[in-house]
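For reference, the chains in residue letters:
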Amino acid sequence: MAESLIGGLLASGHKSSLISVSEPEESRRSRLLADYDVDCVEDNTELVERADLLLFAVKPQLLQQVAQPLRNSIQAKQPLIISIAAGIRSADLEQWLGGDLAVVRVMPNTPALVRAGASGLYANHRVSSEQKNQAESIMRSVGLTVWLENESQMDIVTALSGSGPAYIFRVIEAMEDAATLAGLARETSRLLAIETVLGAAKLAVESKDSPAELRQKVTSPGGTTEQGLKQLEQGGIEQLFNNAINAAVKRSREMGDELSIGS
């Protein structure tokens, strides 16, 4: 995800000379330098000392051990803190870093890798309007952004857009399998399923109609689409997605509780 953000920033016109990366593995530092011409260092403290904006892109389980040794350097520098670590609440990260910091928490998703991401952002009360613009500019380089009114909504964003790509991949799998069983070659089934999902999403983005209105327009009375939709409704598609979102929200909240232990 960090590499996708670097690529997105450069593609949107940001200068590589303004981007620095801390990476412990020498091979990855060399590759990042070769691919993006960004400054790469091995030591996190060295990076903090030169940064006005610091983005944490590490696994949630590692964030506390990465953050706490930087407490003094960050307190001296007072940069804007952005975290894309899932489940880590802003208050916990702020406490690990010594407190009284401007923190923006972000939940991106994997389509950011192809500049088609959807990110939810939450800012604590110390984040200025200018800093909010900075954070939004970074995330908009890889897709759509929305600001959340309260941090508890981040669990819903995690369940919807964070986990959502996996739901759609599963739908594509199911469509591919069904068409293959019906008699199409698997590669043909896969290609048509993927392009159908892509085209439907593009139409939903560009149309003034709601998804419900688009569905109604393509559903002719007594036609094939109507019959297919009836089967999905009888199978409880709405309840299935309701269950999926609620289960993911519940797990996101549990992870937040687990990861805040010891803060």
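A.B. asks: Can you help me understand the overall build of the protein chain in this one?
C.D. replies: Counting its regular elements, the protein chain contains 13 helices and seven strands. Counting only C-alpha atoms, the protein chain reaches 70 × 40 × 35 Å along its principal axes. Put simply, the protein chain has 263 residues, and 35% of those count as buried. In the protein chain, of all internal contacts separated by at least 6 residues, the share reaching a separation of at least 24 is 58%. Of the side-chain charges in the protein chain, 25 are positive and 34 negative, and the distance between the mean point of each set is 3 Å.

A.B. asks: How should the side chain of Ser 119 be read in this particular structure?
C.D. replies: As for its placement among the helices and strands, Ser 119 is situated in strand S6 (residues 117–123). Filtering out sequence-adjacent residues up to four positions away, Ser 119 remains in contact with Val 106, Met 107, Pro 108, Met 139, Leu 144, Thr 145 and Val 146.

A.B. asks: So what exactly am I meant to see when it comes to the sheet that holds S6 here?
C.D. replies: For sheets, the rule is that strands pair by backbone hydrogen bonds, running either parallel or antiparallel. Across the sheet, five strands lie side by side as S3-S4-S5-S6-S7; this open sheet has mixed pairing. With partners counted over all chains shown, the strands left at the sheet margins are strand S3 (53–56) and strand S7 (143–147), one partner each. Across this sheet, the average inter-strand angle for adjacent strands is 25 degrees, counted without regard to direction. In this structure, S3 lies alongside strand S4 (residues 80–83), joined through four bridges in parallel fashion. From the neighbouring strand, Phe 56 faces S4, where its bridge partner is Ser 83.

A.B. asks: Quick question: what am I supposed to make of the packing of helix H1 (residues 2–11) against helix H2 (residues 26–36) here?
C.D. replies: The angle between the axes and the distance between the axes are what describe a pair of packed helices. One can describe the packing of H1 onto H2 by two numbers: an axis separation of 11 Å at closest approach and a directional angle of 20 degrees. The angle between H1 and H2 falls in the class roughly parallel. Like other packed secondary-structure pairs, H1 and H2 cross with a definite hand, here right-handed. In contact with Glu 3, Ile 6, Gly 7 and Leu 10 of H1, H2 contributes Arg 31, Leu 32 and Tyr 36.

A.B. asks: Can you walk me through unusual backbone geometry in this structure?
C.D. replies: Negative phi characterises most residues that are not glycine, and trans characterises most peptide bonds. The phi dihedral of Asp 37 falls on the positive side, at around 60 degrees, and the residue is not glycine. The topology assignment puts Asp 37 in the loop between H2 and strand S2 (39–41). For Gln 78, which is not glycine, the phi dihedral falls at a positive 55 degrees. Tracing the sequence through the fold places Gln 78 in the loop between helix H5 (71–77) and S4. The class for Gln 78 is partly exposed, based on a relative accessible area of 40%.

What counts, and where the lines are drawn
- Residues numbered from 1 in each chain as written.
- Predicted model: local features only at pLDDT ≥ 70, side-chain atom pairs only at ≥ 80, totals over all residues.
- Heavy atoms only, no water.
- Helix = DSSP H or I, 4+ residues; strand = E, 2+ residues; numbered from the N terminus.
- Buried < 20%, exposed > 50% of the residue type's maximum accessible area, 1.4 Å probe, protein only.
- Contact = heavy atoms within 4.5 Å.
- Lys, Arg positive; Asp, Glu negative; His and termini not counted.
- Charge placed at Lys NZ, Arg CZ, Asp CG, Glu CD.
- Pairing = 2+ DSSP bridges.
- Axes fitted to C-alpha atoms, helices over the stretch in contact; angles between N-to-C directions.
- Parallel < 35°, antiparallel > 145°, perpendicular 65-115°, else oblique.
- Left-handed = near helix turned anticlockwise from the far one by under 90°.

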